[in-house]
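Single-letter residue listing:
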Amino acid sequence: MKTQTSFHPDEKGFYGDFGGAYVPEMLYPNVKELQEKYLDILEDSAFREEYRRLLNDYAGRPTPLYPAARLSSHYGTHVYLKREDLTHTGAHKINNALGQILLAQRLGKRRIIAETGAGQHGVATATVCARMGMSCTVYMGALDVQRQRPNVERMKLLGATVVPVHSGNQTLKDAVNEALRDWITHPEETYYLIGSTVGPHPYPDLVARLQSVISEELLWQFPRQSGRDLPDAVLACVGGGSNASGVFYHYLDKPQVRLLAAEAGGQGVATGHTAATIALGRTGILHGCRSYVIQDDDGQITEPYSVSAGLDYPGIGPLLSHLHATGRAAFYAVTDDEALAATRLLARLEGIIPALESAHALALLEKIPFTADDHIIINLSGRGDKDMETILKHIGE
Ligand SMILES: *Cc1c(COP(=O)(O)O)cnc(C)c1O
């Protein structure tokens, strides 16, 4: 019998209406192998031990839960920041990359491929490949290669091969297509390391489980910091949905905890220059799963836009779509300007420069009236050093 227990996918990878594995027939064997083996590997005690050790000793976990006193008094509420910005490579993406490379090793794969848009996932992947001595090929739209020079140089220094993709719009979705083509061509030795809670089943569940370490730590950190069992709300930004899935994970079945998500409104949801998938998207199939997708009337994927490269994605993971459809999480579109203002505010009040992605979650403090009694956690998914050029261009000194 099929039962949809809370917010875990069924055996076909569906969260309600969203998810599944829509892949070309030639990819079935790869995807099927992963579907059959990932849970056993993830739950194996030797795997868990090695993963935990790398998260602690290499990536710098547990990350602090920081009570942001000045930000709290500015907004008249209690704000705690989960400091994923303090991890090795500067964002939550390392949690996922480390877990998947251990999984690839246990599947006997020698060669890692990945796609990247902004380059952050490419850097995380190149990092863990260097650490494990594995070969790494990263597909990246040719336009993104130009826009994200420093990350391309980082990947190369780490020993990865970066392949510019010249087809289509030369951005992320074209890079995904090339990565899939590579995977079909070299199925035996290759592992495709996906960077967010997107793609065919089991990737969304796999990535959510790996990122769930974020809220696993909160289960003991939050009571210690606040003297309360549960926060009133947990806030995160959403690109594909991996940092949100990770920080929401252990609160999904606690309905008294509000889950609030910020997607990239870009220049405004009505301007056509946006990545607000929940606000504008319709159900469709993108990158091997059914979810909300920003598309035109002919079903063509619309090129997304956001000031933050990491939120610049025309889809959203199936778990997040399900959280929206069921009302478990509330979604808000945050514009570039709102995110930039939040960046400046955090820098000035707390001495922390957030990633522009993370600043979208911080900007929710302006939109949602929290009370003096509320205790809220914001996932600070990454640090803003990578965004300095963009930040200065928009807000000056
Ligand atoms: C990539 C990235 C995101 C968006 O990706 P999700 O999978 O939605 O988490 C958010 N913040 C930072 C710092 C990133 O690098």
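Thresholds applied
- Residues numbered from 1 in each chain as written.
- Predicted model: local features only at pLDDT ≥ 70, side-chain atom pairs only at ≥ 80, totals over all residues.
- Heavy atoms only, no water.
- Helix = DSSP H or I, 4+ residues; strand = E, 2+ residues; numbered from the N terminus.
- Rg over C-alpha atoms; globule rule 2.2 N^0.38 Å.
- Contact = heavy atoms within 4.5 Å.
- Phe/Tyr/Trp six-rings, centres within 6.5 Å; stacked < 30°, edge-to-face > 60°.
- Buried < 20%, exposed > 50% of the residue type's maximum accessible area, 1.4 Å probe, protein only.
- Pairing = 2+ DSSP bridges.
- Axes fitted to C-alpha atoms, helices over the stretch in contact; angles between N-to-C directions.
- Salt bridge = Lys/Arg side-chain N within 4 Å of Asp/Glu carboxyl O.
- Near = heavy atom within 4 Å.
- Polar contact = N/O pair within 3.5 Å; in protein donor to acceptor, adjacent residues only side chain to side chain.
- Areas by Shrake-Rupley, 256 points an atom, 1.4 Å probe, with all protein chains shown as cover.
- Nonpolar A, V, L, I, M, F, W, Y, C, P; charged D, E, K, R; others polar.
- Domains from an automatic or database assignment.
- Parallel < 35°, antiparallel > 145°, perpendicular 65-115°, else oblique.
- Left-handed = near helix turned anticlockwise from the far one by under 90°.
- 1 Å grid on protein atoms, 1.4 Å probe; cavity = no way out; pocket = protein on both sides within 12 Å on 5 of 7 lines; lining within 4 Å.
- Points joined across faces, edges and corners; volume = space filled by probe spheres on them.
- Buried area = accessible area lost by both parts, 1.4 Å probe.

Examining the overall build of the protein chain
Then, in step 1: Regarding its fold elements, the protein chain presents 17 helices and 14 strands.
Then, in step 2: By the compact-globule yardstick of 21 Å for 397 residues, the protein chain fits well, its C-alpha radius of gyration being 19 Å.
Then, in step 3: Considering only C-alpha atoms, the protein chain reaches an extent of 55 × 45 × 40 Å along its principal axes.
Then, in step 4: Nonlocal contacts in the protein chain, meaning residues at least 24 apart in sequence, comprise 72% of its contacts between residues at least 6 apart.

Here we look at the packing of aromatic side chains
Then, in step 1: Inspection of every chain in the model, using the stated rule, returns seven aromatic pairs.
Then, in step 2: For the ring pair Phe 18 and Tyr 292, a centre distance of 5.1 Å and an interplane angle of 40 degrees mean the geometry is tilted. Taken together, the residues Phe 18 in strand 2 (residues 18-19) and Tyr 292 in strand 12 (residues 289-293) connect sequence positions 274 residues apart.
Then, in step 3: Taking the relative accessible area as the measure of exposure, Phe 18 reaches 4% and is therefore buried.
Then, in step 4: Judged by centre distance (5.4 Å) and plane angle (75 degrees), the ring pair of Tyr 80 and Phe 222 falls under edge-to-face. A residue pair is termed long-range when its members are at least 10 positions apart, and Tyr 80 in strand 4 (residues 78-83) and Phe 222 in helix 10 (residues 213-226) qualify at 142 residues. Each member of the pair Tyr 80 and Phe 222 is classed as buried.
Then, in step 5: Site record: aromatic cluster; members linked through ring pairs are Trp 183, Tyr 192 and Tyr 203.

Considering the sheet that holds strand 14 (residues 375-380)
Then, in step 1: As summarised here, the arrangement of the six strands in space is 3-4-14-9-10-13, forming an open sheet in which the pairing is mixed. A strand with exactly one partner marks an edge of an open sheet, and here the two such strands are strand 3 (65-67) and strand 13 (329-335). Averaged over neighbouring strand pairs, the angle between their axes works out to 25 degrees when direction is ignored.
Then, in step 2: Here six bridges tie strand 4 to strand 14, and the two strands are oriented parallel to one another. By the bridge assignment, His 78 is partnered in strand 14 with His 375.
Then, in step 3: Packed onto the sheet, helix 13 (residues 318-325) meets strand 9 (233-238) and strand 13 and runs at close to 110 degrees relative to strand 13.
Then, in step 4: Docked against the sheet, helix 14 (residues 336-350) engages strand 3, strand 4, strand 10 (258-266), strand 13 and strand 14, running at close to 90 degrees with respect to strand 13.

Comments concerning the pattern of salt bridges
Then, in step 1: By the definition in use, this model includes 24 salt bridges.
Then, in step 2: Across the pair Arg 228 and Asp 373 runs a salt bridge whose closest N-O atoms are separated by 3.9 Å. Of this pair, Arg 228 sits in the loop between helix 10 and strand 9 while Asp 373 sits in the loop between helix 16 (364-367) and strand 14, and the two are 145 residues apart along the sequence.
Then, in step 3: When salt bridges with common partners are traced through the structure, they connect Arg 61, Lys 82, Glu 84 and Glu 217 into a single cluster.

With respect to the site of the ligand
Then, in step 1: In the region of the ligand, 18 residues are neighbours, and Lys 93, Ser 196, Gly 239, Ser 242 and Ser 381 sit closest.
Then, in step 2: Within the backbone of Gly 241, a nitrogen or oxygen atom sits 2.8 Å from an oxygen atom of the ligand.
Then, in step 3: One nitrogen or oxygen atom from the side chain of Asn 243 is found 2.8 Å from an oxygen atom belonging to the ligand.
Then, in step 4: Notes on the ligand: free accessible area 390 Å², of which the protein chains cover 97%.
Then, in step 5: Those elements that place two or more of their residues in the shell around the ligand are strand 9 and helix 11 (242-248).
Then, in step 6: Looking at the shell around the ligand residue by residue, the class counts come to five nonpolar, 11 polar and two charged.
Then, in step 7: For the shell around the ligand, the domains that each give at least three residues are domain 1 (22-54 + 92-207) and domain 2 (61-91 + 212-395).

Brief notes about the packing of helix 4 (residues 93-106) against helix 5 (residues 120-132)
Then, in step 1: Contact geometry of helix 4 with helix 5 gives a least axis separation of 9 Å together with a crossing angle of 45 degrees. Our classification of the angle between helix 4 and helix 5 gives oblique. The chirality of how helix 4 crosses helix 5 is right-handed. Contacts between helix 4 and helix 5 pair Lys 93, Ile 94, Asn 96, Ala 97, Leu 98, Ile 101, Leu 102 and Gln 105 from the former with Gln 120, His 121, Ala 124, Thr 125, Thr 127, Val 128, Cys 129 and Met 132 from the latter.

Some words on the layout of surface pockets
Then, in step 1: Approximately 390 Å³ is the volume attributed to the second largest pocket.
Then, in step 2: Lining the second largest pocket are 14 residues; nearest its centre among them are Leu 42, Arg 48, Arg 209, Ser 212 and Glu 216.
Then, in step 3: In terms of residue count, the dominant contributor to the lining of the second largest pocket is helix 2 (residues 45-57) (five residues).
Then, in step 4: Split into classes, the residues belonging to the lining of the second largest pocket amount to seven nonpolar, two polar and five charged.
Then, in step 5: A domain-level breakdown of the lining of the second largest pocket finds at least three residues from each of domain 1 (22-54 + 92-207) and domain 2 (61-91 + 212-395).

What about the environment of Ile 194?
Then, in step 1: By secondary structure assignment, the location of Ile 194 is in the loop between strand 8 (190-192) and helix 9 (203-211).
Then, in step 2: Taking the C-alpha atoms as reference, Ile 194 lies 13 Å from Arg 209; in sequence the two are 15 residues apart.
Then, in step 3: Residues within four places of Ile 194 in sequence aside, it is in contact with Asn 96, Gln 100, His 121, Gly 199, Pro 200, Tyr 203 and Val 207.

Overview of the domain arrangement of the protein chain
Then, in step 1: Splitting the protein chain by domain gives domain 1 (22-54 + 92-207) and domain 2 (61-91 + 212-395).
Then, in step 2: Computed over C-alpha atoms, the centres of domain 1 and domain 2 are 23 Å apart.
Then, in step 3: Of the roughly 2400 Å² buried where domain 1 meets domain 2, counting both sides, 58% is carbon and sulfur surface.
Then, in step 4: By the criterion of area lost to domain 2, the three top residues of domain 1 are Tyr 22, His 92 and Thr 197, representing 28% of everything that side buries.
Then, in step 5: Between the two partners, domain 1 and domain 2, sit two salt bridges.
Then, in step 6: A salt bridge links Lys 173 to Glu 303, with the shortest nitrogen-to-oxygen separation between them at 3.5 Å.
Then, in step 7: Taken together, the links from domain 1 to domain 2 amount to 14 residue pairs in polar contact (both at pLDDT 80 or more).
Then, in step 8: Listed by contribution, the elements that provide at least two residues to the side of domain 1 that touches domain 2 are helix 4, helix 5, helix 8 (172-185) and helix 9.

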